[in-house]
Structures are given as structure tokens and as C-alpha cells.
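# Analysis of the macromolecular model
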Amino acid sequence: VQEDALRRFFAVIDNNRDRAMFLLMLRCGLRIGEVAALQLADLCLDEPHARLVVSGKGSRERAVYLSPQAERTLRAYLAERPAAHSEFVFLSYQLDGLSTTAIHKRLMRYRGQAGVTLTAHRLRHSFANDLLNADAPITSIQKLMGHRWLESTQTYVQANDRQVQADYFA
């Protein structure tokens, strides 16, 4: 995803809840369903490296570390999160968890306002690309993405293999 599209997308988001949800996809690689399912008990914000315990596909749990930007925004949202009986992190106006459909509708609204064509999965894909560009080992990316099979992670590598491109043009 081009930085300009991301900048325009985040510029139109007018509240901390939505900004935190989409930053968790972009900076932490969460799937839309993982954002929707996130519970207060899944937040480990008082550790030296703030993290989330995410229940991914097939009910497999993984640790997801928060980027400074995602942590700041999540903390800002939690500071203003309405008191509610619900244990979901992200609340609807009915003070219960947001559905994936509700989150997707928010995404569609913001991307329309920003004039960009982002998807939730594209935000997650950007997370993998950022790690690849930082030369993170593929096995670490696999764990952070919550992929059971390395082949799933390698689809991101094939879409962004700078070394192959460099070798080709050399």
C-alpha cells in the first residue's frame, strides 16, 4: 500500500476507536475478525513490550506486539472507552462488541472519504511487507501473522522479493 494512500486514509478517521482498530491491522497484522474478537483480557499493556494475545484462525493463539503508534492510539481509546459490561475492547454505540461487518462498513466509509481503495486484508498485507523490507526472518513473520503454514507467509514474500528483483536487474 502506498504511503500516500495510508496517510489519506488515516487523515479522515476522526476517532481513537476506529484509528486503533485500523492501526492494529496495519502495524500488528491483525485480521478484521481478530480485531472484532479482541477482549480486554487479551491486552498485556503493562509488560516491557506491550502485546496482545490474539485468537486467530482455528482458535490458535499468538502474541502480537504493539508498535509505538498502535500502542499510543489503543491507550488513547481505552482512556475514553465507555464503561460497559462487555469485555470486548472495541464497543459499538450499544456498548457491545463490533461485528466484522460493522468494522468493514467503517473501513468503506473512510476509504470513500479518503478516495483510496484499501481493504482490511491490504492493511495486514502492508504489515508483512514492512517486516520483509526490514529483513525480518520469514519464520518470525509467519508467527506474527498467525500462519500455520510457511507457504501462506511466502505468498507475501513472492509479491515483494527485493533480492530477486535486484538479482534480475543486476
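This structure is a prediction, so every number in the text was calculated from the model and none was measured. (Residues numbered from 1 in each chain as written. Predicted model: local features only at pLDDT ≥ 70, side-chain atom pairs only at ≥ 80, totals over all residues. Heavy atoms only, no water.)

Structurally, the position occupied by Arg81 is in the loop between α4 (68-80) and α5 (100-114). Buried within the structure, Arg81 lacks any salt-bridge partner; its nearest side chain of opposite charge belongs to Glu87, at an N-O separation of 6.3 Å. Here the side chain of Arg81 touches Phe88 through a polar contact of 2.7 Å, landing on its backbone oxygen. (Helix = DSSP H or I, 4+ residues; strand = E, 2+ residues; numbered from the N terminus. Buried < 20%, exposed > 50% of the residue type's maximum accessible area, 1.4 Å probe, protein only. Lys, Arg positive; Asp, Glu negative; His and termini not counted. Salt bridge = Lys/Arg side-chain N within 4 Å of Asp/Glu carboxyl O. Polar contact = N/O pair within 3.5 Å; in protein donor to acceptor, adjacent residues only side chain to side chain.)

Okay, the sheet that holds strand β3 (residues 61-65) next. What the 3 strands build is an open sheet, ordered β1-β2-β3; its pairing is antiparallel. Of all strands in the sheet, those with a lone pairing partner are β1 (43-44) and β3, marking the two edges. Bridge count between β1 and strand β2 (residues 51-55): 2 bridges; the pairing is antiparallel. When the bridges of β2 are listed, Cys44 appears paired with Arg51. (Pairing = 2+ DSSP bridges.)

The next thing to look at is the nonpolar core. Ranked by size, the top nonpolar core spans 39 residues in total, and within it Phe9, Phe22, Leu24, Leu52, Leu66, Leu74 and Phe90 carry the most contacts. Mapped by element, the contributors of at least two residues to this core are α1 (3-11), α2 (16-28), α3 (32-37), β2, α4, α5 and α6 (120-133). It is α2 that provides the largest number of residues to this core, a total of 8 residues. Setting aside residues no more than four positions away along its own chain, Leu52 makes contact with Leu24, Leu30, Leu38, Asp42, Leu43, Arg62, Ala63, Val64, Leu66 and Leu74. (Core = buried A, V, L, I, M, F, W, Y, C linked by side-chain atoms within 4.5 Å. Contact = heavy atoms within 4.5 Å.)

Averaged over every residue, the pLDDT of the protein is 84; the share at 70 or more is 78%. The spread of mean pLDDT over the elements of the protein runs between helix α8 (residues 150-159), the lowest at 62, and α5, the highest at 96. (pLDDT = per-residue confidence, 0-100.)

Close approach of charged atoms allows side chains of opposite charge to pair. Per the stated rule, a full pass over the model turns up 8 salt bridges. Where Glu47 meets Arg51, a salt bridge forms, and the shortest distance between an N and an O atom there is 2.6 Å. On the accessibility criterion, Glu47 (32% relative accessible area) is partly exposed. Through salt bridges with shared partners, a single network forms among Asp4, Arg7 and Arg8.

Relative to the helices and strands, Gln2 is located in the segment before α1. On the basis of relative accessibility, which here comes to 60%, the residue Gln2 falls in the exposed class. In this structure the C-alpha to C-alpha distance between Gln2 and Leu118, which are 116 residues apart in sequence, comes to 9.9 Å.

Our focus in this paragraph is the side chain of Arg17. For Arg17, the position within the fold is in helix α2. Within polar-contact distance, the side chain of Arg17 engages the backbone oxygen of Leu91 at 2.8 Å. Once you skip the residues sitting within four places of it in the chain, Arg17 turns out to touch Tyr77, Phe90, Leu91, Ser92, Leu98 and Arg106.

Side-chain alternation along β3 places Arg62 and Val64 on a buried face and Glu61, Ala63 and Tyr65 on a face that remains uncovered. Both β2 and β3 contribute to a ladder of 5 bridges, which runs antiparallel. The residue bridging Leu52 from the neighbouring strand is Val64, located in β3.

Structurally, Arg72 is set in helix α4. Taking relative accessible area as the criterion, Arg72 reaches 56% and is therefore assigned exposed. The sequence separation of Arg72 and Ala20 amounts to 52 residues, and the corresponding C-alpha distance is 8.7 Å.

As a further point, take α4. Along its 13 residues, α4 runs 19 Å from first to last C-alpha, staying within 8% of the 18 Å computed at 1.5 Å per residue. Taken together, the buried positions of α4 are Ala70, Thr73, Leu74 and Tyr77. Each buried residue of α4 sits inside an arc of 100° when the element is viewed along its axis, so together they form one side. With respect to the buried face of α4, the exposed residues turned more than 90 degrees away are Pro68, Arg72 and Ala79. (Expected span 1.5 Å × (residues − 1). Arc of directions from axis to C-beta.)

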